[in-house]
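# Descriptive analysis of the structure
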Amino acid sequence: ARLANQIAAGEVVERPASVVKELVENSLDAGATRIDIDIDKGGSRTIRIRDNGKGIVKDELGLALSRHATSKISSLDDLEAIVSLGFRGEALASISSVSRLTITSRTQAQDEAWSAYAEGRDMEVKLKPAAHPVGTTVEVLDLFFNTPARRKFLRTEKTEFGHIDELLKRIALSRFDVAINLRHNGKLVRQYRASATQVQKERRLAAVCGNPFLKHALAVELEHGDLKLSGWICNPQGARAQNDIQYCYVNGRMMKDKLINHAIRQAYEASLPSDQYAAYVLFIEVDPHQVDVNVHPAKHEVRFHQGRWVHDFIYQAIQSALHQGWH
Ligand code: ADP
Ligand code: MG
């Protein structure tokens, strides 16, 4: 979790999707294999995330809400200050300071569940008994209710939900082993089933990227020393309708990186008409010592120590996948 903290540092409570991101990452950190996300009104009214992870013991529930410099957070009237501060491992406390947040949890060792919520300007944490299976539910109501300027910046319900949906697509592609259900205004919108076999994985790929992508997908697989590339690229013939599908993960973390993008584009160049974009879902595994993922936490950039080499490796892997696709 410490590493996740470091990377999450610099993230901001910008909109409902940023809240969902922090909460779902907490659920994943807790070892959840199933996460249920309920959204109302694009997240401005309700964000509720339930997981079956290991839960939080009663004694630490309050801590989770108030730990580190909670007093610092609660004395900040101005959300901008929180933004510049970043989370620094204070996601729950930060979110709690700009919403009505309740966290309910039960561990395997406990017979009963407990709910915690912070109240008033000093954000005093209250605990009460609750009913809940092993795992955790975080409910965030009325996001930005006490920061009207920030609330005013929320876009339409549809737009905000779209950001949440897109975020969960990225997460769904990084954790095939976790079941994720997304509801909006009571309606089940996405149902990503836990998938282990190749067939199941392709089913999730289609659920996230659409059937046309799967239909035109070419498998990519190349390994060399510490470096491994796998995933799918869209056959150029099928790329036209797939412009927005560009997912790239480095050691399981979503990245948007110039070097990677450039290598992919270049490999595609010969076969892709100039008005089209490459479509891909790619996973790069590399020795963690060979990569620095903390360059720009918010921008999802990486720095490879041997950038040139990684670039050529990706180029090669994609070239050969494209060639195999033609036979
Ligand atoms: P961080 O994740 O950076 O430690 P957070 O504010 O996001 O900080 O969470 C605070 C702590 O609360 C976590 O370190 C973890 O111990 C606990 N926690 C939060 N969400 C969950 C969850 N869904 N399941 C189990 N523990 C959780
Ligand atoms: Mg966290």
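Within each chain, residue numbers correspond to sequence positions counted from 1 in written order. Chain letters and ligand numbers both follow the written order, the letters beginning at A and the numbers at 1. pLDDT decides what is reported in this predicted model: residues at 70 or higher carry local features, side-chain atom pairs at 80 or more are listed and counted, and totals for whole chains, interfaces and linings draw on all residues regardless. Side-chain descriptors were evaluated using all non-hydrogen atoms of the structure, hydrogens and water having been removed beforehand.

By the naming in an unreviewed UniProt entry, the protein chain goes by DNA mismatch repair protein MutL and is assigned to Photobacterium jeanii.

Further remarks concern the confidence of the model for the protein chain. Scored from 0 to 100, pLDDT records how confident the predictor is in each individual residue. Looking at the protein chain as a whole, its pLDDT mean stands at 85, while 84% of the residues score no less than 70. In this model, residues 69-74 is a region of pLDDT below 50 whose contacts with residues beyond four sequence positions or in other chains number 13 contacts. Segment residues 78-87 is flagged for pLDDT under 50; beyond a separation of four residues in sequence, or across chains, it makes 28 contacts in the model. Interface confidence for the predicted complex, given as ipTM, is 0.99, next to a pTM of 0.87. For this analysis, residues touch if any pair of their heavy atoms sits within 4.5 Å.

With five of six residues buried, strand β13 (residues 280-285) is to be regarded as a mostly interior element. Sheet analysis places strand β10 (residues 227-234) next to β13, joined by six bridges and oriented antiparallel. Residue S230 lies in a different strand from β13, and its bridge partner there is F283. At least two DSSP bridges between two strands are required for those strands to pair. Helix and strand definitions follow DSSP, with helices as H or I runs of at least four residues and strands as E runs of at least two, each counted in order from the N terminus. Two strands pair when backbone bridges link them, and strand β11 (residues 246-250) and β13 are joined in this way by five bridges, in the parallel orientation. Looking at the pairing, Q246 lines up with Y280 of β13. Relative accessibility under 20% of the residue-type maximum defines a buried residue, over 50% an exposed one, and the middle range a partly exposed one, all with a 1.4 Å probe and only protein chains included.

Pairing is mixed across the open sheet formed by eight strands, whose spatial order is β5-β4-β3-β6-β2-β1-β7-β8. In the strand order of this sheet, the two ends are held by β5 (124-130) and β8 (187-192), each with one partner. Strand-to-strand twist of the sheet, defined as the mean angle between neighbouring strand axes without regard to direction, takes the value 15°. In this sheet, β5 lies alongside strand β4 (residues 113-119) in antiparallel orientation, the contact comprising seven bridges. Bridge assignment links A113 to a residue of β5, and that residue is A130. Angles run from 0 to 180 degrees between N-to-C directions of axes, and those axes are lines fitted to C-alpha atoms, restricted for helices to the stretch in contact. The strands touched by helix α8 (residues 157-174) are β1 (34-40), β7 (179-184) and β8; relative to β7, the strand with the most contacts, the crossing angle is about 175°.

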